[in-house]
Number of protein chains: 2
Amino acid sequence: MTYTYDYPRPALTVDCVVFGYDEGALHVLLIERGAPPFEGAHALPGGFVDMEEDLEAAARRELAEETGVTRLYLEQLGAFGAPGRDPRGRVVTIAYVALVKLSDHAVRAATDARAAAWHPVEALPALAFDHTAIIACARTRLAEAVRSRPIGFELLPKKFTLTDLQRLVEAALGRPLDKRNFRKKVLSLDLLVPLDEVERNVPRRAAQLFRFDRRRYARLEQDGFQFRL
Amino acid sequence: MTYTYDYPRPALTVDCVVFGYDEGALHVLLIERGAPPFEGAHALPGGFVDMEEDLEAAARRELAEETGVTRLYLEQLGAFGAPGRDPRGRVVTIAYVALVKLSDHAVRAATDARAAAWHPVEALPALAFDHTAIIACARTRLAEAVRSRPIGFELLPKKFTLTDLQRLVEAALGRPLDKRNFRKKVLSLDLLVPLDEVERNVPRRAAQLFRFDRRRYARLEQDGFQFRL
DNA sequence: CATCAAAGTGTCCGATATACACTATGTGAA
DNA sequence: TTCACATAGTGTATATCGGACACTTTGATG
């Protein structure tokens, strides 16, 4: 079965830059390509958009197929469509960015991909297509996103400590923050609820646990409230 | 002649949200569609991307063809691709945003468009497709862009007054600014050069003329300098 | 009970943002 | 010539925010 059009059409793909955070280090989820072009090379997970499928849905589907990673917050980064970026011909890709807790997302290779694995963001291998440039673009976006949207809160476990949150923000920004200033700011947002509970099984003073107040955030957001860490 | 593929492909278009500024009012450049779907309705200028054509180049080409507007700074807004946004079938569009000085850009209708005209941004007609949503998105982007990039300086005439610049920024932000504070900030950037010249033929005290120091900005930008109005 | 490792906490200072009102000047009309 | 008008041009005081900075507390472990 083939599909015929009166005018030529570029192919349309989606690619996902999934940043995985764990223990203070930032990683990117990459696959090893199992088919030409760039067979064997590392690349961002992604693939062709189906007809009748929303762009973000396509990104989610490809990500699940190729890496097993699901249930994450995706944000559109933009379209990359320079002629020549794909040796197969004209291919325009819509890139998405996400940040997830690495340890929550066991990866497994699947369709079209030999392997899916996390790579430290500071030591990435050579990549297929223009994926290196897309990742560079995504890092800039991530730094902005993590300061102005509750991505961090959302992706931590339900109960977390302020240090957990700070580590995560630091990893996303790529620089350390002052503990006292961070706590001041984050608590002043009034979006965290202290629980009657502390960490367990830690060989040191146990830290207070908090949860994120989703409802309150939803209400504030409606009123045009903007936060900034 | 037809084009055949093994898998179906969405059509790919570009659309331009061109904000035109003049005398304190912000306008958007719209065309009247000359062909179905939405024949006769207002819409953003745009159209199909050619093979071998960069996305931004396609945006420029369509804009020139449909409205006669050329030579402007375009910035990618993002991809809009919900299934159903176009009654002809699956069409994904990449939207671009620009801000120009309205009076510098005489518009004329052409290809596929019955008419091209500026519409005040506060009183837009009903639009074809999802163009109303795209414009809403573009306004948010514009407000951000005008404060963090020298769009304003760039698009004013070579010689301009501080009041000209303030009017423009106010129009883009959609709110008035304090004159003294604005001047303080803008002059402290050290990017404007006062000329030995004042306005002419004005029925009031003539204002000092300035020019934008492009070179200095280029140098600062390279050092990672960021400004904010 | 000594050690360790991280939790938790407050102040000061400098920079930045905002609010705010009058005088100066050039044109054009009376 | 002078008066009215319209806009240019200017500075200060205050509140707010961000960033620098170091010690004490607590709980677990050996």
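Quick notes on the rules
Residues numbered from 1 in each chain as written. Chains lettered and ligands numbered in written order. Predicted model: local features only at pLDDT ≥ 70, side-chain atom pairs only at ≥ 80, totals over all residues. Helix = DSSP H or I, 4+ residues; strand = E, 2+ residues; numbered from the N terminus. Buried ≥ 20, exposed ≤ 12 C-beta atoms within 10 Å, placed from the backbone. Contact = placed C-beta atoms within 7 Å. Near = placed C-beta within 6 Å. Nonpolar A, V, L, I, M, F, W, Y, C, P; charged D, E, K, R; others polar. Least-squares fit on C-alpha atoms with pLDDT ≥ 70 in both. Pairing = 2+ DSSP bridges. Axes fitted to C-alpha atoms, helices over the stretch in contact; angles between N-to-C directions. Parallel < 35°, antiparallel > 145°, perpendicular 65-115°, else oblique.

**Thoughts on the overall build of chain A**
Now for step 1: Along its length, chain A carries six helices and ten strands.
Now for step 2: Seen along its three principal axes, the alpha-carbon backbone of chain A occupies a region of about 65 × 40 × 30 Å.
Now for step 3: For chain A, the residues scored as buried account for 36% of the 229 residues in total.
Now for step 4: Sequence separation of 24 or more characterises 67% of the internal contacts of chain A that already satisfy a separation of 6 or more.

**Digging into the protein's contact with DNA strand D**
Now for step 1: In the vicinity of DNA strand D lie 21 residues, with Arg205 of chain A together with Thr163, Arg180, Ala207 and Gln208 of chain B positioned nearest.
Now for step 2: Split into classes, the residues belonging to the surface near DNA strand D amount to four nonpolar, five polar and twelve charged.

**Side note on the relation of the copies chain B and chain A**
Now for step 1: Superposition of chain B onto chain A requires a rotation of 180 degrees combined with a translation of 0.1 Å along the rotation axis, giving an RMSD of 0.2 Å. In symmetry terms, the pair is related by a two-fold rotation axis. Scanning chain B for the C-alpha nearest the rotation axis identifies Thr4 of chain B, at a separation of 2.0 Å.
Now for step 2: Most of the interface of chain B is mirrored in chain A, where 100% of its interface residues are also at the interface.

**Some remarks on the environment of Leu192 of chain A**
Residues and elements named next belong to chain A.
Now for step 1: Turning to its location among the elements, Leu192 is positioned in strand E9 (residues 192-198).
Now for step 2: C-beta crowding within 10 Å serves as the criterion here: with 19 such atoms nearby, Leu192 is assigned to the partly exposed category.
Now for step 3: A C-alpha to C-alpha distance of 31 Å links Leu192 and Gly68, two positions 124 residues apart in sequence.
Now for step 4: Discounting chain neighbours no more than four positions away, the residues touching Leu192 are Val186, Leu187, Phe210, Phe212 and Asp213.

**Some words on the protein's contact with DNA strand C**
Now for step 1: Looking at DNA strand C, there are 21 residues lining it, with Thr163, Arg180, Ala207 and Gln208 of chain A together with Arg205 of chain B nearest.
Now for step 2: Elements with a contribution of two residues or more to the surface near DNA strand C: helix H4 (162-173) and helix H5 (179-188) of chain A together with helix H5 (179-188) of chain B.
Now for step 3: Of the residues in the surface near DNA strand C, the class split is four nonpolar, five polar and twelve charged.

**Some details on the interface of chain B and chain A**
Now for step 1: Listed per partner, the contact involves 27 residues of chain B and 27 residues of chain A.
Now for step 2: Only strand E1 (3-5), strand E2 (11-22), strand E6 (75-80) and strand E7 (91-101) of chain B provide two or more residues apiece to the side of chain B that touches chain A.
Now for step 3: For the side of chain B that touches chain A, the per-class residue count stands at 16 nonpolar, five polar and six charged.
Now for step 4: One ladder, built from three bridges, connects strand E1 (residues 3-5) of chain A with E1 of chain B; its direction is antiparallel. In the strand pairing of E1 of chain B, Thr4 of chain A is matched with Thr4 of chain B.

**Comments concerning the pairing of E2 of chain B**
Consecutive residues of a regular strand have side chains that alternate between opposite faces of the sheet.
Residues and elements named next belong to chain B.
Now for step 1: For E2, the buried fraction is high: ten of the twelve residues fall into the buried class.
Now for step 2: Relative to E7, E2 is paired through eleven bridges, and the arrangement is parallel. Opposite Val18, over in E7, you have Ala98 as the bridge partner.
Now for step 3: One ladder, built from three bridges, connects E2 with strand E5 (residues 46-48); its direction is antiparallel. Counterpart to Thr13 in the pairing with E5 is Phe48.
Now for step 4: Direction of pairing for E2 relative to strand E3 (residues 25-33): antiparallel, over a ladder of four bridges. Within E3, the position partnered with Tyr21 by the bridge is Leu26.
Now for step 5: Count of turn residues in the E2/E3 antiparallel hairpin: two residues, of which Glu23 carries a positive phi of about 50 degrees.

**Here's the deal with unusual backbone geometry**
Working note: non-glycine residues mostly have negative phi, and peptide bonds are mostly trans.
Now for step 1: The omega torsion of the bond from Pro36 of chain A to Pro37 of chain A falls at -5 degrees, within 30 degrees of zero and hence cis.
Now for step 2: Backbone geometry places Arg71 of chain A, a non-glycine residue, at a positive phi of 50 degrees.
Now for step 3: Turning to its location among the elements, Arg71 of chain A is positioned in the loop between helix H1 (55-67) and strand E6 (75-80).
Now for step 4: Overall, Arg71 of chain A belongs to the exposed group, with 9 C-beta atoms counted inside 10 Å.
Now for step 5: Of note, the phi angle at Asn201 of chain B is positive, near 55 degrees, even though the residue is not glycine.
Now for step 6: Along the chain, the position of Asn201 of chain B falls in the loop between strand E9 (192-198) and strand E10 (208-212).

**Observations concerning the environment of Val198 of chain A**
Residue and element names in this part refer to chain A.
Now for step 1: Its place among the elements puts Val198 in strand E9.
Now for step 2: Sequence separation of Val198 and Gln208 is ten residues, and the distance between their C-alpha atoms is 4.6 Å.
Now for step 3: Excluding residues that lie within four positions of it along the chain, Val198 makes contacts with Ala206, Ala207, Gln208 and Leu209.

**Re the packing of H4 of chain A against H5 of chain A**
Residue and element names in this part refer to chain A.
Now for step 1: Two elements in contact, H4 and H5, have axes separated by 11 Å at closest approach and are oriented at 105 degrees. One element, H4, and the other, H5, form an angle in the roughly perpendicular class. Only Lys179, Phe182, Arg183 and Val186 of H5 make contact with H4, whose side of the interface consists of Leu162, Leu165 and Gln166.
Now for step 2: Partitioning the contact of H4 with H5 into residue classes produces four nonpolar, one polar and two charged.

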